[in-house]
Each structure stands twice: as C-alpha cells, then as structure tokens.
Amino acid sequence: MAEESWQGTNLPRVGGFNRAVVLDAIRRGGGVSRVELAQRTGLTAQTMSNIVRALIADGLVSESGHAPSTGGKRRVLLQVVPEACSAVGLHLDPERITGVLLDLAGGVRHTASRRVPAGAEPAAVISALARTCKQLVSRVDPDEVLGAGLAVPGPLDAAQRTVLSPPNLTGWPAVPLADAVSERIGLPVVMDNDATAAAIGERWAGGEQRAGSFAYAYLGSGVGLGVVLADRVHRGVSGNAGEIGHVPAGGTRLCHCGRRGCLEAYCSMRAIVADSGGGDGGPIAESYARLCRRAAAGEADAVKVLRQAATRLGRSLAAVVGMLDVDRVVLGGPALRHVGDLVRDRVATVLDAQVWAPEVRPVRVQTALIGEHAGAVGAASLVLDRSYSPRLTTLLGAEAPA
C-alpha cells in the first residue's frame, strides 16, 4: 500500500506548517499544478493560492510552464527555485573530509575534499572541517547559505551535540563537534550520524522515487543504517538508531569496537581488504578502491571476496526488513564505487531467499540516487530538511511561522 504524504490543515495559526507542506509537495512533485497541490495536501483552493503566492514572492517557487491540455485551460506548473538558498554538507570519514554545497532542489553546486589531518586529533579535524566549509561558502553569496550539516561516525550524544568515542577515531572521548565547528564558521550547524544523514539526503533529493519508507544501508569505512518510515527519519531514543555495523552477524572475528562477530568485522573496507590478502600498507580506502576496480574488471578473486561480504550484509538486512516491514532497501556510500551492481545483485538474491512472507511484501533493492558523496549530501540535506520540511514542531507552533 502506498504511504500517505503530509496533509495540511485549514485551521488558523499553522501558516508555517502549511507552507512547509506545500513547498515539500512542490519539491517532490518536480512540476505540479495548484489543483494537484490542493488534492495532495488537503488544503482549500483559497489557502493554496495564498501560500503559493507567498512562496513565489519569497523567491522559493516559480511558475515553470504549463501542463499538457486536457480540453480546458492549461494548468500552470510550479517548481522550486534551486538557487533560492544553499546548505553546506560536511562528511567526516576516518580518512577524508568531503564537503558539498547543495541547492534547494537537492542539486550539488560545488564540492571540496581533503585528507583528515595526520593523527586525527579533534582540534586539527575541527580546523579542517572549518576550512572546507569556508572554501565552499566562498563560491556563492554567503547570505544565501542557511547553515552547515555534519555527518559523522557514531555514537552521538544528540542533546549535547557531541561525538562519543567513535570506534574509527581514536582520542575522541567526548568532542562537542557541532558547537566547535559552528563557532569557527559563523553558521548554525546541525549534526547526525552519517547513515541517518545519507538517508535524509536520499529522501530529499529523490522526490517521489524515495517517498514512503525504506532502509538505507550506508557503506563507507564502516557500515551504518538509516531508516525512513512514512517519509520521516527514525532516530531512536538516543539519536543512534541504525548501528547495524555493530550488530552480531555470526562468527567470532574481533571488531575494532572490541566486540566479536560484528557485521563491520566482515563488511567494512578494512575487513574486505584483509580478506583479499591485505593492502600495500597505504590508506585503506585506496587499497579498497583498487580491489573494487579489479572486481569490476571481472577478476575472480576480487569478485569472490566482495560477494562474501555482500552475502553477510544481505543476511543482516533481511532481519531489518522483517523487523521494520519495509519494502525497499537502498544501498549507498563510497564503498559501492565500481561495484554497486555487484553488491546490489548479491544482496537482492539473499533477501529473496531469506525475507519472510515475500508474497505479502516483495522487497526491492536499489542503489542510491545521491552517489558516492552520500554522507556530505546527506549532511547538507539535514539543514534543508530542518528549514523547509513539514514537522510536528511546526504544526504545534514550536517554530516561528514562515
């Protein structure tokens, strides 16, 4: 059954929420008329007309042509104005910082990248994040930049905006990263774990293709899971939902977190490189990329080790599908470069064999729409989602009406 999108309300004092509902529907529709908007949102024609007029006046929406004639007056189509605003996204990976500047429609306007400073000490990393952000902001009018998003390895203390001893970053017992970066760049900063951020980015940029519910497996240096249910991200009680990388996946191999049998002990870049015979002593990401290029070229030993990892991943995702009752699994992240089809096909085969009651809920496995920079795109989408997506706090009046 199709999921329902947000519906507006014609009660007074909810202008901000209704504006967000309408803007979200226009953004996701990619060219939609006022009549269609009224049908999708449940708002009256008069309320819809007023909101659309205000969105056009604010430069967020424009009229973009006409729908094909159906015998009567041709309907005017509406779309968001991509350049109306921008958001910076910064993804902190144990080896590399990736930044993007994202427009309102979810398009990437500029990118930047740099290695994580040697030793990855918090102060040096904060400086590198700030430099990457400033490099991106310098490419546009600073007044159009809403803020910056950080996508980081978990676990996080969401209330304190703190990163707590991530397994892939040593010497980070409790780092108030969001506030530290915000102070350095002079912009508001929102932070989330990289898998959740990537799932939000996929939903934001994917429009109707990513409406509803899905599980997003983020494959980078580690393995994470972002969960979107009925168009809303699920973060859990502590903001750390989706730590699938440290869920037992069978076996006794020691994980870098100190436990045994975690999925990441078999499916992280480091683990896969080790299973292939080890790298050359250089950065793991580079050794992994070479392995993936060999697999893409059809080398049997490289294909075998990646298929083994994808099989374990598929088994874990089958459990996720059964628990959440979602009908889509999206695979994304830099670990899929060159081998996205190989991993997707193997995961799909495993899910077909292991998902319970497939006749009731056939599961689609898809590769991500937002590409290998999923973490950074997701980080920027955190800002856009916070600013423009309909949410309960807006409906209840906790946010100022737009």
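Summarised in this report is the structure supplied together with it. (Residues numbered from 1 in each chain as written. Predicted model: local features only at pLDDT ≥ 70, side-chain atom pairs only at ≥ 80, totals over all residues. Heavy atoms only, no water.)

Things to note about the overall build of the protein
(1) Moving on: Looking only at helices and strands, one finds 13 helices and 15 strands in the protein.
(2) Moving on: Against the globule reference of 21 Å for 402 residues, the protein gives a C-alpha radius of gyration of 22 Å, in line with a compact fold.
(3) Moving on: If one aligns the C-alpha atoms of the protein with their principal axes, the spans along those axes are about 65 × 55 × 40 Å.
(4) Moving on: Across the protein, the fraction of contacts at a sequence separation of at least 24, relative to all contacts at a separation of at least 6, is 61%.
(5) Moving on: A gap of 1 Å separates the mean positions of the 42 positive and 38 negative side-chain charges of the protein. (Helix = DSSP H or I, 4+ residues; strand = E, 2+ residues; numbered from the N terminus. Rg over C-alpha atoms; globule rule 2.2 N^0.38 Å. Contact = heavy atoms within 4.5 Å. Lys, Arg positive; Asp, Glu negative; His and termini not counted. Charge placed at Lys NZ, Arg CZ, Asp CG, Glu CD.)

A word on the pairing of strand 10 (residues 189-193)
(1) Moving on: Summarising burial for strand 10: 5 of the 5 residues are buried, a large majority.
(2) Moving on: Residues V189, M191 and N193 point to one face of strand 10 and V190 and D192 to the other, with burial holding for every one of them. (Buried < 20%, exposed > 50% of the residue type's maximum accessible area, 1.4 Å probe, protein only.)

Let's talk about the pattern of salt bridges
(1) Moving on: Applying the stated criterion to the full structure yields 19 salt bridges.
(2) Moving on: We note a salt bridge from D24 to R27, for which the minimum N-O separation is 2.8 Å. Within this pair, D24 and its partner R27 are both found in helix 1 (residues 15-29), separated by 3 residues, close to a single helical turn. Summarising the burial analysis for this pair, D24 and R27 share the class buried.
(3) Moving on: A network of salt bridges, in which partner residues are shared, links D24, R27, R28, R203, D231 and D385. (Salt bridge = Lys/Arg side-chain N within 4 Å of Asp/Glu carboxyl O.)

Quick look at the sheet that holds strand 2 (residues 61-66)
Paired through their backbone hydrogen bonds, the strands of a sheet run either parallel or antiparallel.
(1) Moving on: As summarised here, the arrangement of the 3 strands in space is 1-3-2, forming an open sheet in which the pairing is antiparallel. In this open sheet, the two strands that pair with only one neighbour each are strand 1 (32-33) and strand 2.
(2) Moving on: As paired strands, strand 2 and strand 3 (residues 76-80) are joined by 4 bridges and run antiparallel to one another. Counterpart to S62 in the pairing with strand 3 is Q79. (Pairing = 2+ DSSP bridges.)

A short note on the sheet that holds strand 4 (residues 86-92)
(1) Moving on: Read across the sheet, 5 strands follow the order 6-5-4-7-10 without closing on themselves; strand pairing throughout is mixed. Of all the strands in the sheet, the pair left with one neighbour each is strand 6 (108-115) and strand 10. Neighbour to neighbour, the strand axes of the sheet diverge by 20 degrees on average, direction disregarded.
(2) Moving on: Of the pairings in the sheet, the one linking strand 5 (residues 96-103) to strand 6 comprises 7 bridges and is antiparallel in character. Of the residues in strand 6, the one forming a bridge with V100 is T111.
(3) Moving on: Strand contacts of helix 5 (residues 177-185): strand 4, strand 7 (145-152) and strand 10, with the helix running at about 145 degrees to strand 10, the strand carrying the most contacts. (Axes fitted to C-alpha atoms, helices over the stretch in contact; angles between N-to-C directions.)

Considerations on the packing of aromatic side chains
(1) Moving on: Enumeration according to the criterion identifies 0 aromatic pairs in this entry.
(2) Moving on: Here R27 stacks its cationic end above the ring of W204, 3.7 Å away from the centre of that ring.
(3) Moving on: In this arrangement the basic side chain of R312 is found over the ring face of Y266, its NZ or CZ atom lying 3.8 Å from the centre. (Phe/Tyr/Trp six-rings, centres within 6.5 Å; stacked < 30°, edge-to-face > 60°. Lys NZ or Arg CZ within 6 Å of the ring centre and 35° of its normal.)

Things to note about empty space enclosed by the protein
(1) Moving on: Summed over the entire model, instances satisfying the criterion amount to 1 cavity of 30 Å³ or more.
(2) Moving on: The volume enclosed by the largest cavity comes to roughly 120 Å³.
(3) Moving on: Contributing elements (two or more residues each) for the lining of the largest cavity: helix 8 (269-275) and helix 10 (300-324).
(4) Moving on: Counting residues per element, the lining of the largest cavity draws most heavily on helix 10, at 4 residues. (1 Å grid on protein atoms, 1.4 Å probe; cavity = no way out; pocket = protein on both sides within 12 Å on 5 of 7 lines; lining within 4 Å. Points joined across faces, edges and corners; volume = space filled by probe spheres on them.)

Observations concerning the environment of V163
(1) Moving on: Mapped onto the fold, V163 is located in strand 9 (residues 162-163).
(2) Moving on: Expressed as a C-alpha distance, the spacing of V163 and G107, which sit 56 residues apart in the sequence, is 28 Å.

Structural notes on the state of the cysteines
(1) Moving on: Taken as a whole and assessed by the stated rule, the structure comprises 0 disulfides.
(2) Moving on: The closest cysteine sulfur to the non-disulfide-bonded C292 is located on C267, 13 Å from its own sulfur.
(3) Moving on: Exposure remark for C292: the relative accessible area of 1% places this residue in the buried category. (Disulfide = S-S within 2.5 Å.)

Overview of unusual backbone geometry
(1) Moving on: With omega at 5 degrees, the peptide bond leading from G154 into P155 counts as cis.
(2) Moving on: Along the chain, the position of P155 falls in the loop between strand 7 and strand 8 (156-157).
(3) Moving on: Its identity as a non-glycine residue notwithstanding, A230 has a phi of 50 degrees, on the positive side.
(4) Moving on: Along the polypeptide, A230 turns up in the loop between strand 12 (223-229) and strand 13 (232-234).
(5) Moving on: Of note, the phi angle at H338 is positive, near 80 degrees, even though the residue is not glycine.
(6) Moving on: Among the secondary structure elements, H338 is positioned in the loop between strand 14 (328-332) and helix 11 (340-354).

Focus: helix 4 (residues 122-137)
(1) Moving on: Here helix 4 contains 16 residues, and its C-alpha end-to-end distance of 22 Å stays within 8% of the 22 Å for a straight helix at 1.5 Å per residue.
(2) Moving on: Listing the buried residues of helix 4 in full gives V125, I126, S127, A128, L129, A130, T132, C133, L136 and V137.
(3) Moving on: Elements in contact with the buried residues of helix 4: strand 4, strand 5, strand 6, strand 7 and helix 5. (Expected span 1.5 Å × (residues − 1).)

With respect to the packing of helix 4 against helix 5
(1) Moving on: The contact between helix 4 and helix 5 brings their axes to 9 Å, and the two run at 50 degrees. What the angle tells us is that helix 4 and helix 5 run oblique. Seen along the crossing, helix 4 lies across helix 5 with a hand that is right-handed. Across from I126, S127, L129, A130, C133 and K134 in helix 4, the residues of helix 5 making contact are L177, A180, V181, R184 and I185. (Parallel < 35°, antiparallel > 145°, perpendicular 65-115°, else oblique. Left-handed = near helix turned anticlockwise from the far one by under 90°.)

That's the geometry; what it means functionally is another story.
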